[in-house]
Amino acid sequence: MAANPEYINKPEINFTLDGENMSGYQGETILQIAKRHGKEIPYLCYTESLRPDGNCRVCVVEIDGERVLAPSCCRTPTEGMKIQAQSERAIKSQKMVLELLKSDMPEQGKSPYKLDSELDLWAEKLNVGVPRFKSRTQPVADLSHPAIAVNLDACIQCTRCVRACRESQMNDVIGYANRGAHSEIVFDIADPMGASSCVGCGECVQACPTGALMPANNVGLQVPDKTVDSTCPYCGVGCLIKYHIKDNKILYTEGRDGFTNHLRLCVKGRYGFNYIDNPLRLTKPLIRRVGVAKTTTLLDPKDLDSVFREASWEEALDFAANGLKKIRDEKGKKALAGLGSAKGSNEEAYLFQKLVRTGFGSNNVDHCTRLCHASSVVALLECIGSGAVSNPVADVAKAEVIIIIGSNPTVNHPVGATFMKNAAAKGAKIILIDPIRTDIAKYASHVLQFRPDTDVALLNSLMYVILEEGLQNDEYIAKYTEGFEAMRGHLKHYSPDYVAPICGIDANTIREVSRLYATSKASMIFWGMGISQHIHGTDNARCLIALALMTGQIGRPGTGLHPLRGQNNVQGASDVGLIPMVYPDYEPVDNPAYQAKYEKLWGVKLDSKRGLTTVEMIHAILHHEVFGMFVEGENPAMSDPNQNHVREAFAALEHLVIQDIFLTETAGFADVILPASTFYEKTGTFSNTDRRVQIGRQAVNPPGEAKQDLWIIQEVANRLGCNWNYSGPEDVFNEMRQAMTSIAGMTWERLEREDSLTYPLENVGDPGQPIIFTDGFPTPSGRGKFVPAEYIHADELPDDDYPLVFITGRQLEHWHTGSMTRHSVTLDAIEPDPVVNLNPEDLSNLGVAAGELITIESRRGKITAYARSDNAMQKGNVFMAFCYNEANANLLTNDALDPSAKIPEFKFCAVRASAGGMLARRIS
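This structure is a prediction, so every number in the text was calculated from the model and none was measured. The numbering scheme is per chain: residues are counted from 1 as the chain's sequence reads. pLDDT decides what is reported in this predicted model: residues at 70 or higher carry local features, side-chain atom pairs at 80 or more are listed and counted, and totals for whole chains, interfaces and linings draw on all residues regardless. Values reported for side chains reflect all heavy atoms of the structure, with hydrogen atoms and water molecules removed beforehand.

## A short note on the nonpolar core
Thinking step 1. Judged by nonpolar contacts, the single largest core of 158 residues is most densely connected at Leu44, Leu213, Leu355, Ile402, Leu674, Tyr680 and Val716.
Thinking step 2. With seven residues, the single largest contributor to this core is helix α9 (residues 346-360).
Thinking step 3. It only takes one pair of heavy atoms within 4.5 Å for two residues to be counted as in contact. Setting aside chain neighbours within four positions, we find Leu674 in contact with Trp313, Ala316, Leu317, Val657, Ile658, Gln659, Asp660, Ile712 and Val716.
Thinking step 4. The set of buried Ala, Val, Leu, Ile, Met, Phe, Trp, Tyr and Cys residues whose side-chain atoms join them within 4.5 Å is what this entry labels a nonpolar core. Any residue under 20% of the maximum accessible area for its type is buried, any over 50% is exposed, and the rest in between are partly exposed; the area is computed with a 1.4 Å probe on protein chains only. Core analysis: the next-biggest nonpolar cluster, separate from the first, contains 57 residues, Leu462, Cys543, Ile545 and Phe773 among them. Secondary structure elements follow DSSP: runs of H or I no shorter than four residues count as helices, runs of E no shorter than two count as strands, and numbering proceeds from the N terminus.

## Observations regarding the pairing of strand β36 (residues 877-881)
Thinking step 1. Burial runs high along β36: five of the five residues are buried.
Thinking step 2. Any two strands with at least two DSSP bridges between them are considered paired. Pairing of strand β32 (residues 804-809) with β36 involves five bridges; the strand directions are parallel. Among the inter-strand pairings, Thr808 is bridged to a residue of β36, identified as Met880.
Thinking step 3. Relative to β36, strand β33 (residues 835-838) runs antiparallel, the two sharing three bridges. If you follow Asn837 over to β36, its bridge partner there is Phe879.

## Looking at unusual backbone geometry
Thinking step 1. With omega at 5°, the peptide bond leading from Tyr759 into Pro760 counts as cis.
Thinking step 2. Tracing the sequence through the fold places Pro760 in the loop between β30 (756-758) and β31 (784-785).
Thinking step 3. Of note in this structure, Arg57 is not a glycine but carries a positive phi near 65°.
Thinking step 4. With respect to the element layout, Arg57 can be found in the loop between α1 (30-36) and β3 (60-63).
Thinking step 5. The phi angle at Asn218 is positive, at roughly 60°, despite the residue not being glycine.
Thinking step 6. As for its position among the elements, Asn218 is in the loop between β9 (213-215) and β10 (226-231).

## Some thoughts on empty space enclosed by the protein
Thinking step 1. Both site types are read off a 1 Å grid over the protein atoms alone. A 1.4 Å probe that fits but cannot get out defines a cavity, while an open set with protein on both sides within 12 Å along at least five of seven lines defines a pocket; lining residues have an atom within 4 Å of a point. Grid points are joined across faces, edges and corners, and a volume is the space filled by probe spheres set on the points. Inspection of the entire model under this criterion finds 13 cavities of 30 Å³ or more.
Thinking step 2. Roughly 270 Å³ of internal volume is contained in the largest cavity.
Thinking step 3. Taken together, 28 residues make up the lining of the largest cavity; nearest its centre are Ser341, Lys343, Gly633, Asp660 and Ile661.
Thinking step 4. Note on residue categories: nonpolar means Ala, Val, Leu, Ile, Met, Phe, Trp, Tyr, Cys or Pro, charged means Asp, Glu, Lys or Arg, and polar means any other residue, Gly included. Looking at side-chain class alone, the lining of the largest cavity contains eight nonpolar, 13 polar and seven charged residues.
Thinking step 5. Of the pockets and cavities examined, the second largest cavity occupies roughly 170 Å³.
Thinking step 6. Lining of the second largest cavity is provided by 17 residues; of these, Glu665, His823, Asn885, Ile923 and Ser924 occupy positions nearest its centre.
Thinking step 7. Its residues placed into classes, the lining of the second largest cavity shows seven nonpolar, seven polar and three charged.

## Details of the sheet that holds strand β22 (residues 560-563)
Thinking step 1. On the basis of which strands lie adjacent, the open sheet formed by five strands has the order β19-β18-β17-β21-β22 and parallel pairing. Of all strands in the sheet, those with a lone pairing partner are β19 (444-448) and β22, marking the two edges. Geometrically, the sheet is characterised by an average inter-axis angle of 15° between neighbouring strands, direction not taken into account.
Thinking step 2. Judged from the five bridges that link them, strand β17 (residues 401-405) and strand β21 (residues 523-527) form a sheet pairing that is parallel. Pairing of Val401 across the sheet is with Ser523, part of β21.
Thinking step 3. Each of β21 and β22 touches helix α10 (residues 374-384); the most contacted strand, β22, lies at about 155° to it.
Thinking step 4. Structural elements are reduced to axes, namely lines fitted to C-alpha atoms, with helices fitted over the stretch in contact, and the angle between N-to-C directions of any two is expressed from 0 to 180 degrees. Across the sheet, helix α19 (residues 537-551) touches β17, β21 and β22, and the angle it forms with β21 is around 170°.

Listed below in structure tokens is the structure:
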């Protein structure tokens, strides 16, 4: 066990433990030092990831000259101190505590819920036998939560779960109630766990030493065949995870201690893995039956056999490739397009974009970044020459001010949100800027709940105040930026008094927030898709970048710009060129020098014209310009805006190849379906939101005849004449290093050894750069560029016919289009039905009670879902997650595009609402 880095470089303390000389660092506890030196002292209420509490007294030691025994978990030694953990008095006390705790266990024996109970471990080590004391009255089991079993008859009230919930995750659900023999662990106000405000992060389960809190279904009583160190397949935080495997099934997971998560997980990472065992998994190649026409109606898996027939891999691959080849050869290279996946590995994304560029012959390749952060990347490239985040999420610990704008981190990046909450608890000021008063508002010093669509006006006004009061960093501006005077002139029209009635935020609040951000020693900005998914999304991001440049709040610890990445590998998929206008490392396809570079590396002639984006592909199909597509792991028939339009397009395709794990909504339009592997069934690298490249290791084997994605992509490519021969992900990664300067210094061996490395890492042995832009920017001039942004309105505004504003997003329990999480029995049990969030007054005006059906309609479609009363919503606004095919939010959304980034305006369209309606049948 290594010393905690926070203690290193502090003075050494020398003392003796059981007569042996010991040394530790100032601030380390006796128990920490003993563990580091391989000396055993029993403990139960202590665990390394939580604040020491000293309440169980199992770890007591005897200190020379002191009357009472001291808990070693929260006592620090002093120079020359003499300590005994093995003295007769200390051992008697340790054993007595263990015997008392064991007396309250079920049948006063071993834990019936957890094989590796820490209480049982220490009782055996100290030879504590059958207790001599009477047991307490045992509480009944609480099995009300789909993911977590609560058996408080095994609880020793060590409060690890309380500290894990309150201090690590800061959810404050678990408490310690009553006194004496009546004391107990409670959830909220003694609610059943399933009815409480628990978010299912499982931090309490990981902390519990006895099995009183465990994953449901008694998995803790099974002995794993193996454990696999890997990462999480969901959001961009990229948590490190240990998977426990038995008989080719994942039993349960634990968070690992790494830079990204420090043991923490969320409900999806902890319990969302069992979708891989769903009986609806695709396990054999499928080909559409002759004569079965495509319609715009979604295909129910129950009707799969009537539309598709099983085929061998050889037949299916030949059919897939021949259909693509026929269109390419007869209708031209640009008659094909490909959509890759941000959920797959870097190696898969690299090969997929290479297949489209070399096998199809055009740059018509894209993925979900077009629907997420395209506008952020465009603005970042334009203004500072790089689409990368400047500082890691964990840098919030060094920030004094944290702006969170257009992001709901407790839902979309739950573990990242814990670090933000921890920072607030230690004194950092969170400024939440969002149309919805999200949960992180509880920890914010300022909440600016502005009117949707007024972001640019508000951000310009913040900058106006900075200039008006002379709070800009003139030295930084002069040294590292250009275009400032044009920005100064532009901002003259955005005084807080002018902007306040536009955005609905008091002018004095705008001034106060401006001062806080500009004058703090370190201010950091996080943003999400509430910023990017507008026709002015690029303008929104330009304003945030200008705010950082103007104040010099970039290039140092605790500062910078961080667009929070949505999917687990949306950063990496973009980095490796899975977008239509750039090669890997964001090198433009229309630059002759880069074109020549890749022609040499790949050995083929490349197209010099930018390709089609996701939404442009849909238009091109309907305009008879694109006739065939290869879609790997994406679900545009759920994720794209204006779904009726999208489904019409997919029904019109001559040849659609789908590579996926389930019969997704998009797969129902396929001509051939290739059954692929889940994250847990393959090995590869994934790049998280911090620019950390991490190893995801195969934990289990794919079911049936399903194949790993890398193999499928290569087989299709070779049938298109590519002649590839990669032996596995390491081979592909080594080619990526040749293509990408940013990772040229990374080696597969080092990634295997260290789990994660941060780019830029250009030379072998470099440490990587968690913080970038420390001395200028990778632009031609070396300077960041101010780009003024005028306030404009959304494409479609509310009116008398459609008076409400519709906003889409994600929810905690489900992921993206739900293709994984809604096939997880655990996650689906927690949140099974589509809901629409409205302000209570709006519901009252509509005559709708919470839990009743409500119909929402736009100019493009209508849906019916259950109404949820939500005080976080402003009047006139409606919010819905887009993961429910029976009430697909994207049937309503607008496909108007940001002119720079070609991203659709998911976050704003006009709708109307009415009571009642009929809920469509779920397709799953």
